[in-house]
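Chain and residue survey
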Amino acid sequence: MANGVMTQTQHIPYLAQKGLKSWILTTDHKRIGILYLVTISFFFMIAGLTALGMRYELMTPELDFFRTATEYNVAFTLHGSLMVFFFIVPGIAASFGNFLIPLMIGARDVAFPRINLLSFWIYLVGTAILLSALAQPADTGWTFYTPYSIQTGTKVIMITLGVFVLGFSSILTGMNFIVTIHKLRAPGMTWSRLPLFIWASYATAILQLLATPVVGITLLLLIAERAFDIGFFDPAKGGDPILFQNFFWFYSHPAVYIMVIPAFGIISEIIPVFARKPIFGYKAIAYSSFAIAIISFFVWLHHMFVSGISETAAAIFSFLTMLVAIPTAVKVFNWTATLYKGSIDFHSSMLYALSFIVLFTVGGLTGVYLGALAVDVHLHDTYFIVAHMHYVMIGGTVMGFFGALHFWYQKWFGKVFDELTAKIAWFLIFVGFNVTFFPQFFMGFQGMPRRYATYPEEYISYHALSTYGSWILGLGVLIMTVNLLIPLWKEGRPESSNPYGSLSLEWQVPSPPPHENFDEIPTVTDWTYAYGKK
Amino acid sequence: MSTHDHTEEHHTGLRAYAAVCLALFVLTAVTVYVAKFDFGDFNIVVAMLIASIKAAIVALYFMHLKFEDKLTWIYALYPLFLLFLLIGFTIMETFTRVPVIK
């Protein structure tokens, strides 16, 4: 990007200050990004280990690893709740969003730095409440469906209260990012020059701001129902259990896009850099994030096709669901078109980006199966759903997250990881992921229901294969983690502050960036993706 | 936010705030008063109407919406559209259900 001259005199890296106080009271968006990154990674590891435990249990048809079926139920509830609410919802938006948004738009920080810190602390309070519930954790699954969530003897209130509190963190972060993007763009950083990660973060922030209050109130109703037996969801008292599902999915479907839209933004940043080509269809990609954000509010009933809802409503929502495929496909086609005739460098982050395109396409297309009314009746609550969801969430969001970690690692930490090891880890993760989840499509088609600790003998080969895959996947993640952690304790700095030749603003500052990002706010004079332009 | 140069423009006087406060008290009294009458199915409509007027006054004056720009209005009104969507589709779904057990 042909930006104004930026001098980095008095360059003090934002990581220079040491001590606990410099972290817990920081208002630097980059440090807050690290705080989120560390916390969400911790929960990702815990939730991942829980998943490995579940897969180990499913190696054989009998109950042998967990002592009771309830223990298994608790394990999948913990896995789902931690992964969804503590890792993947705040995930990229809070960690990379915090680190990148001010740097990419040419600002010194977010609009409200103190609120930014407050939202991290609220996130921590939410996690503390959740952890306090671990003595007798809930067994409802991450969806907390009524009437079971009202009747079960496990501690539903604590876990839902934790999620309720987390919601405020999400709302504040979304609000902060919206104001930042509107008010703090550098001179010349027009909407048509904005990096696509910023467009994606803006669309995500809208969802965080507007959809999260709905789940907050829903969970509050559930808590009130359990504590005071009011009857919102009890037919005997004039309530309706399906009402809970309506409320829950009105948030939780848009939440799926809170999870994945930031990853779309990341892929749009990585691909042009390593294809050395301008992004194809910039406006289409930018606007499609908004189209997804808007349509996401019109499809929630597709989670409830077999819940006893009316056929009329089901037919309407089946049709509406298909609409999501359009803006999503717009993105995938544009990324592919960007690759066409590009000079592709298979850097580890590019490998994750390419994996994203393949795996997310599988996840998206199998979503079309589930959006189709008649097919969903057969596949609902089977392993097909589990496979579909993981292809979207791991194949999509987590691949984007890993890609981002490798792409911006040098910028964020000012260190260099071993590229060959990173590629080996990527290979294991890619293979392990597919070996774990691809057999689950077949299991689901053949009727294997999800959330069961035991199963008939006929599914044993699929389950065993899936478990072997989880070990390969786990090994890959372990190698990746070690490879990214080791350089943090070693001396040495990157040779260049812009090793990949990116034109985006964040790469024009030193690695790691100075405390206030820019000595002088830059003036932007060109597009972010003008690769190959003379 | 680094700039807040329009703060002085929407300075609502103390008298206006007092008037809004008074209006809220009056409307609360009206809510209590109308509760004595039975409007049948419209009980909830009447109560919600008064509550909506109160909410609008709070948003417009206490929360300064009246003095904000178009973008803030969009962000204030879009959730109302979402609320309409949630309630509308949920009611549509409920009323188009075919009872299985008669």
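Residues numbered from 1 in each chain as written. Chains lettered and ligands numbered in written order. Predicted model: local features only at pLDDT ≥ 70, side-chain atom pairs only at ≥ 80, totals over all residues.

Let us look at the overall build of chain A. Counting its regular elements, chain A contains 16 helices and 0 strands. Principal-axis analysis of the C-alpha atoms places the extent of chain A at approximately 70 × 45 × 45 Å. For chain A, buried positions account for 55% of its 534 residues. The long-range fraction of contacts in chain A, counting pairs at least 24 apart against all pairs at least 6 apart in sequence, stands at 85%. (Helix = DSSP H or I, 4+ residues; strand = E, 2+ residues; numbered from the N terminus. Buried ≥ 20, exposed ≤ 12 C-beta atoms within 10 Å, placed from the backbone. Contact = placed C-beta atoms within 7 Å.)

With that settled, the discussion passes to the overall build of chain B. The number of helices and strands found in chain B is 3 helices and 0 strands. A total of 102 residues make up chain B; the buried ones form 4% of that total.

All right, on to the interface of chain B and chain A then. Each partner contributes to the interface: chain B provides 13 residues, whereas chain A provides 12 residues. Residues that form the side of chain B that touches chain A fall into these classes: 9 nonpolar, 2 polar and 2 charged. (Nonpolar A, V, L, I, M, F, W, Y, C, P; charged D, E, K, R; others polar.)

The next thing to look at is the packing of helix 2 (residues 29-57) of chain A against helix 4 (residues 91-105) of chain A. Two numbers describe a pair of packed helices, the interaxial angle and the distance between the axes. Residue and element names in this part refer to chain A. Between helix 2 and helix 4, the least distance of the axes is 8 Å, while the angle of their chain directions is 160°. For the element pair helix 2 / helix 4, the angle class is roughly antiparallel. For helix 2 against helix 4, the interelement crossing comes out left-handed. Of the residues in helix 4, those touching helix 2 at His29, Lys30, Ile32, Gly33, Tyr36, Leu37 and Ile40 are Gly91, Ala94, Ser95, Phe96, Asn98, Phe99 and Pro102. (Axes fitted to C-alpha atoms, helices over the stretch in contact; angles between N-to-C directions. Parallel < 35°, antiparallel > 145°, perpendicular 65-115°, else oblique. Left-handed = near helix turned anticlockwise from the far one by under 90°.)

Residues and elements named next belong to chain A. Between Thr146 and the following residue, Pro147, the backbone shows a cis peptide bond with an omega angle of 0°. A cis amide bond, omega -10°, links Ser511 with the succeeding residue Pro512. Position of Pro512 relative to the elements: it lies in the segment after helix 16 (460-485). Its identity as a non-glycine residue notwithstanding, Phe144 has a phi of 50°, on the positive side.

Across chain A, pLDDT averages 92, with 98% of residues at or above 70. Taken as a whole, residues 1-9 of chain A scores under 50 in pLDDT and shows 29 contacts with residues more than four places along the chain or in a different chain. (pLDDT = per-residue confidence, 0-100.)

Below, the discussion takes up the nonpolar core. One finds Ile198(A), Ala203(A), Tyr257(A), Met259(A), Ile267(A), Ile270(A) and Ile429(A) to be the most contacted residues of the largest nonpolar core, which totals 176 residues. Among the elements that make up this core, the one with the highest residue count is helix 9 (residues 241-275) of chain A (23 residues). (Core = buried A, V, L, I, M, F, W, Y, C linked by C-beta atoms within 7 Å.)

This paragraph deals with the confidence of the model for chain B. Residue and element names in this part refer to chain B. For chain B, the average pLDDT comes to 85, and 85% of its residues sit at 70 or higher. Here residues 1-8 scores under 50 on pLDDT; set against residues more than four positions off or in separate chains, the count is 3 contacts. With pTM at 0.91, the complex prediction returns an ipTM value of 0.81.

This part is about helix 4 of chain A. Between its first and last C-alpha atoms helix 4 of chain A spans 21 Å; for 15 residues at 1.5 Å apiece the expected length is 21 Å, and the two agree. Backbone geometry just downstream of helix 4 of chain A places Gly106(A) in the positive-phi region, at approximately 80°. (Expected span 1.5 Å × (residues − 1).)

What follows concerns the packing of helix 1 (residues 14-34) of chain B against helix 2 (residues 43-62) of chain B. Residues and elements named next belong to chain B. Where helix 1 meets helix 2, the closest approach of the two axes is 10 Å, and the angle between their N-to-C directions is 170°. Taken together, the axes of helix 1 and helix 2 lie roughly antiparallel to each other. Contact with helix 1, carried on its side by Ala16, Val20, Ala23, Leu24, Leu27, Val30, Thr31 and Val34, involves Val46, Ala47, Ile50, Ile53, Lys54, Ile57, Tyr61 and Phe62 of helix 2 and no other residues of that element. By residue class, the composition of the contact of helix 1 with helix 2 is 14 nonpolar, 1 polar and 1 charged.

Residues and elements named next belong to chain A. In this fold, Thr160 is placed in helix 7 (residues 156-183). A C-alpha to C-alpha distance of 8.1 Å links Thr160 and Leu130, two positions 30 residues apart in sequence. In this structure Thr160 touches Phe144, Leu219, Leu222 and Ile223, once residues within four positions along its chain are discounted.

Residue and element names in this part refer to chain A. Inspection of the secondary structure assignment puts Ile394 in helix 14 (residues 383-413). Judged by C-beta crowding, with 22 C-beta atoms within 10 Å, Ile394 ranks as buried. On a C-alpha basis, the gap between Ile394 and Ile88 in space is 9.5 Å, while along the polypeptide they are 306 residues apart.

Residue and element names in this part refer to chain A. For Ala107, the location among the structural elements is in the loop between helix 4 and helix 5 (113-132). In this structure Ala107 comes out as buried when scored by C-beta crowding, with 24 C-beta atoms within 10 Å. Counting along the chain gives 357 residues from Ala107 to Ala464, while the straight-line C-alpha distance between them is 51 Å. For Ala107, the contacting residues outside a window of four places in its chain are Pro102, Thr180, Leu184 and Ala186.

In this model helix 5 of chain A runs 29 Å from its N-terminal to its C-terminal C-alpha over 20 residues, within 8% of the 28 Å that 1.5 Å per residue would give. Of the surrounding secondary structure, the elements contacted by the buried residues of helix 5 of chain A are helix 2, helix 3 (69-88), helix 4 and helix 7 of chain A.

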